[in-house]
Every structure is written in C-alpha cells, then in structure tokens.
Amino acid sequence: MPTLKDNIVSALSAFKPQDTYSAALSFWQTLGYKSDRQPEPYRYTYEQFNTACGNSLNELKAKPDEWEELNILFQITDEEMKNHFEKASQMNFLELDKPAFQATNMKSYLFAA
C-alpha cells in the first residue's frame, strides 16, 4: 500500500507529463485540499489577471515577462481551512451543495499554479 510520501512523489512526478492545471490540482488533492469553489474562467494571462485585479498588480513583484499563464485551482474559505482535517467537511458525494466561488471573501485562500 503506497504511503503518503509515495503519493506525494507520484503527484509531483505528474507535472512533467500533465498540464500544469491538472497536475497542480492532483498534487493539492494528494495533500488533502479539495474544494469545488472555482472561478470562471480559471486560466489567465498576466494582462487578464491584472485587469481582473483592477490593474493593481505591482509589475516589479509580479514579473509579467516570466508569466506563461496563471491557473486558479480553487478557493478555500477560512472556515473550510479550520475544518480541513475533519474529513466529513470535505466530503460531498452527491455535490448537492456545491459552493460558489466567493470573489469578495477576503478571509479565504486562493490556490493557484
């Protein structure tokens, strides 16, 4: 039976053959992070993301010349993060209450690759 370390190594190895979005999403899921909270669209160029952020990105820090694309993987709210290790809070087999992406929730974590 594979250990967590084996699963992490496998997830990291997937970055070469898979696209960044799929590999990163799989990696975070391997670590136990899962959320159906995802924006539309989820793939941005620097210009698109800067526009979505109200043209507030600092070019010296963001280094736009080094960007290929930014993939927004998912959002986890502070409440979901507090309950991260409670498996029942992560499971929703029927997806009856699929949470919506909360663009204005400042107490959340945005996972990107």
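Residues numbered from 1 in each chain as written. Predicted model: local features only at pLDDT ≥ 70, side-chain atom pairs only at ≥ 80, totals over all residues. Heavy atoms only, no water.

### Regarding the environment of Y21
Then comes step 1: Its location among the elements puts Y21 in helix α2 (residues 20–30).
Then comes step 2: C-alpha separation for the pair Y21 and I72, spaced 51 residues apart in sequence, amounts to 8.1 Å.
Then comes step 3: In contact with Y21, other than residues within four places in its own chain, are Q38, Y42, R43, N71, I72 and L73. (Helix = DSSP H or I, 4+ residues; strand = E, 2+ residues; numbered from the N terminus. Contact = heavy atoms within 4.5 Å.)

### Quick look at a negative patch on the surface
Then comes step 1: A contiguous patch of negative charge on the surface is contributed by E47, E59, D65 and E66.
Then comes step 2: Mapped onto the fold, E66 is located in the loop between α4 (59–62) and β2 (70–77).
Then comes step 3: For E66, a relative accessible area of 62% translates into the label exposed. (Patch = residues over 30% accessible without salt bridge, like charges linked within 9 Å, V, L, I, M, F, W, Y side chains within 5 Å. Areas by Shrake-Rupley, 256 points an atom, 1.4 Å probe, with all protein chains shown as cover. Salt bridge = Lys/Arg side-chain N within 4 Å of Asp/Glu carboxyl O. Lys, Arg positive; Asp, Glu negative; His and termini not counted. Charge placed at Lys NZ, Arg CZ, Asp CG, Glu CD. Buried < 20%, exposed > 50% of the residue type's maximum accessible area, 1.4 Å probe, protein only.)

### Examining the environment of D36
Then comes step 1: Mapped onto the elements of the fold, D36 is located in the loop between α2 and β1 (43–44).
Then comes step 2: Expressed as a C-alpha distance, the spacing of D36 and Q75, which sit 39 residues apart in the sequence, is 8.0 Å.

### Considering the pattern of salt bridges
Opposite charge on two side chains lets them pair, provided their charged atoms get close.
Then comes step 1: Inspection of every chain in the model, using the stated rule, returns two salt bridges.
Then comes step 2: Its salt-bridge partner being D19, residue R43 comes within 3.6 Å of it at the nearest N-O pair. Linking R43 in strand β1 with D19 in the loop between α1 (4–13) and α2, this pair joins segments that are 24 residues apart in sequence.
Then comes step 3: E69 serves as the salt-bridge partner of R43, at 3.4 Å between the closest nitrogen and oxygen.

### As for unusual backbone geometry
Note on backbone geometry: most residues besides glycine have negative phi, and most peptide bonds are trans.
Then comes step 1: The phi dihedral of N55 is positive, around 55°, even though this residue is not glycine.
Then comes step 2: Relative to the assigned elements, N55 resides in the loop between α3 (46–52) and α4.
Then comes step 3: Using a relative accessible area of 54% as the deciding quantity, one classes N55 as exposed.
Then comes step 4: Even without being a glycine, K63 presents a positive backbone phi close to 50°.
Then comes step 5: Structurally, K63 can be placed in the loop between α4 and β2.

### What about the pairing of β2?
Then comes step 1: For β2, the buried fraction is high: eight of the eight residues fall into the buried class.
Then comes step 2: Pairing geometry for β1 and β2, over two bridges, is antiparallel. In the sheet register, Y44 faces β2, and the bridge partner there is L70.
Then comes step 3: Bridge count for β2 against strand β3 (residues 108–112) is five bridges, and the pairing is antiparallel. Bridged to Q75 within β3 is L110. (Pairing = 2+ DSSP bridges.)

### Describing α2
Then comes step 1: All of the buried residues along α2 are Y21, A23, A24, L25 and F27.
Then comes step 2: Looking at the buried side of α2, the elements it contacts are α1, β1 and β2.

### Some points on the side chain of S35
Then comes step 1: Tracing the chain through its elements places S35 in the loop between α2 and β1.
Then comes step 2: Residue classification places S35 among the buried residues on the basis of a relative accessible area of 15%.
Then comes step 3: Separated by 3.0 Å, the side chain of S35 and the backbone nitrogen of R37 make a polar contact.
Then comes step 4: Within the local environment of S35, its side chain forms a polar contact with the backbone oxygen of Q75, the two atoms lying 2.7 Å apart.
Then comes step 5: Setting aside chain neighbours within four positions, we find S35 in contact with F74, Q75, I76 and E80. (Polar contact = N/O pair within 3.5 Å; in protein donor to acceptor, adjacent residues only side chain to side chain.)

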